[in-house]
Amino acid sequence: NPSDLEMPLGRNMLEFDPAHPEQKTLLINELLSIIDKLYNLKETGGPLFEKYFKNSCLLLMNDFQNDPTNESKIPVVADISRVLVDTDFRLDKLSRERDPLVRQFWELEAQKAGGESSLANMAPYISSKIDTFVSNDYLRVIINQKRTTINFREIIDQGKILVVSLSKGRIGETNAQLLGMMVVGKMLIAALSRVDMPEEERRDFYLYLDEFQNITTDSIATMLSEARKYRLNLTIAHQFIKQLKEPIRDAVFGNAGSFVVFRVGPDDAEYMKNLFDPYFSPQDLVNIDNFNAFAKLLVNDRTTKPFNIQTIREQAGDPEMFNLAKEQSRITYGKPRELVEEEIRRGFDF
């Protein structure tokens, strides 16, 4: 529950398993995709932004990989700006950098560049986009904790239940989007990390995304095409097709096996008519009654004929049990805000 500011859960976007260094690339690309969704980097970023951003992240993450037992070296998002503006901090990291390509970038390019490419010019350019995360009252106490308090791989492997509350009314639309994208990205990386497990040992895990167009980057295309072999099963719901960017839309319709369609608008009915033709017409899709839908399912690797269904409206559960579970969760996985703020101050030597 991200609106619980007194006991925030940790979700470090740059934390990775040093035994799996390939996760660095996945995490950096996912973070770039999130920033791209917010700012459209094709127009406001460009190759220079990507180059400085990636090398800042790698400098931080490599230092932790070289000394994984030192918790103080675990990078957080706020450190990205610090690499660019704090010379002593950057040189300290560089003194232990073993990757020749990262060293070459900082020592021969970034620190010697002039004009628009100089560090003095690039720092505010990149920091202005990072500030969305680090100066936000809801996000700063979540993403600047050194350790992610929820183990997503453990959740998938052991069949645990994770419920993420992304109420726009409580935390705002931008925060809901950002946190949703972070969780989905972490879930994808956890699923792909199952490559170290024999296929027959991978238990099915079901991920349900409501209003999923708000909380996904282009990585959803990867999830739809790749994650199934790692037994990550997706149920995704959204309102209308034009909400989806073209690559995501193509991935959905190219990979989804089962479709359940409630009442849609005329444009969507025309787009989807081939799914249900000749059993149901576009007029049928537009005129479905409430709580009714048309379904076309994939069963035992074969597609069924389309048919109509009526949904069941479940009654709410026991509120006392709900409150007990919520309280137990915040105590087990949360951290008092004062301790988080102190950790942030300590990280910046204030």
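The present account deals with the structure reproduced in this document. Here the structure is a predicted model, which is why all the values come from computation and not from measurement.

## Digging into the overall build of the chain
For step 1, the next point in the chain: Assigned secondary structure in the chain consists of 17 helices and seven strands.
For step 2, the next point in the chain: Taking 2.2 N^0.38 as the reference for a compact globule, 350 residues should give roughly 20 Å; the C-alpha atoms of the chain span a radius of gyration of 23 Å, in line with that estimate.
For step 3, the next point in the chain: Its C-alpha atoms give the chain principal-axis dimensions of about 70 × 50 × 45 Å.
For step 4, the next point in the chain: Taking all 350 residues of the chain together, 43% fall into the buried category.
For step 5, the next point in the chain: Of the accessible surface of the chain, which amounts to about 19000 Å², a share of 50% is contributed by carbon and sulfur atoms.
For step 6, the next point in the chain: When the 44 positive and 53 negative side-chain charges of the chain are each reduced to one mean point, those points stand 1 Å apart.

## So, the environment of arginine 147
For step 1, the next point in the chain: Position of arginine 147 relative to the elements: it lies in the loop between α8 (137–143) and α9 (152–158).
For step 2, the next point in the chain: As for arginine 147 and proline 75, which are separated by 72 residues in sequence, their C-alpha atoms are 9.7 Å apart.
For step 3, the next point in the chain: With residues up to four places along the chain from it excluded, the contact list for arginine 147 reads Gly10, Glu15, Glu71 and Ile74.
For step 4, the next point in the chain: In this structure the side chain of arginine 147 is engaged in a polar contact, spanning 3.2 Å, whose partner is the side chain of glutamate 15.

## Quick look at the packing of aromatic side chains
For step 1, the next point in the chain: If you walk through the whole model with that rule in mind, you get nine aromatic pairs.
For step 2, the next point in the chain: Arranged with centres 5.2 Å apart and planes meeting at 65 degrees, the rings of phenylalanine 253 and tyrosine 271 form a pair that is edge-to-face. Here the residue phenylalanine 253 occupies a position in helix α13 (residues 246–255), and tyrosine 271 occupies one in helix α14 (residues 266–276), the gap between them amounting to 18 residues.
For step 3, the next point in the chain: With relative accessibility at 38%, the residue tyrosine 271 sits in the partly exposed group.
For step 4, the next point in the chain: Taken together, the aromatic side chains of Phe49, Phe53 and Tyr125 make up a single cluster linked through ring pairs.
For step 5, the next point in the chain: Over the ring of phenylalanine 89 we find arginine 82, and its NZ or CZ is 4.2 Å from the ring centre.

## A look at the sheet that holds strand β4 (residues 292–296)
For step 1, the next point in the chain: Read from one edge of the open sheet, three strands run β3-β4-β7, paired in antiparallel fashion. Since the sheet does not close on itself, it has two edges, and those belong to β3 (259–261) and β7 (307–310), each with one partner. For this sheet the average axis-to-axis angle between neighbouring strands, irrespective of direction, equals 30 degrees.

Parameters and conventions
- Residues numbered from 1 in each chain as written.
- Predicted model: local features only at pLDDT ≥ 70, side-chain atom pairs only at ≥ 80, totals over all residues.
- Heavy atoms only, no water.
- Helix = DSSP H or I, 4+ residues; strand = E, 2+ residues; numbered from the N terminus.
- Rg over C-alpha atoms; globule rule 2.2 N^0.38 Å.
- Buried < 20%, exposed > 50% of the residue type's maximum accessible area, 1.4 Å probe, protein only.
- Areas by Shrake-Rupley, 256 points an atom, 1.4 Å probe, with all protein chains shown as cover.
- Lys, Arg positive; Asp, Glu negative; His and termini not counted.
- Charge placed at Lys NZ, Arg CZ, Asp CG, Glu CD.
- Contact = heavy atoms within 4.5 Å.
- Polar contact = N/O pair within 3.5 Å; in protein donor to acceptor, adjacent residues only side chain to side chain.
- Phe/Tyr/Trp six-rings, centres within 6.5 Å; stacked < 30°, edge-to-face > 60°.
- Lys NZ or Arg CZ within 6 Å of the ring centre and 35° of its normal.
- Pairing = 2+ DSSP bridges.
- Axes fitted to C-alpha atoms, helices over the stretch in contact; angles between N-to-C directions.

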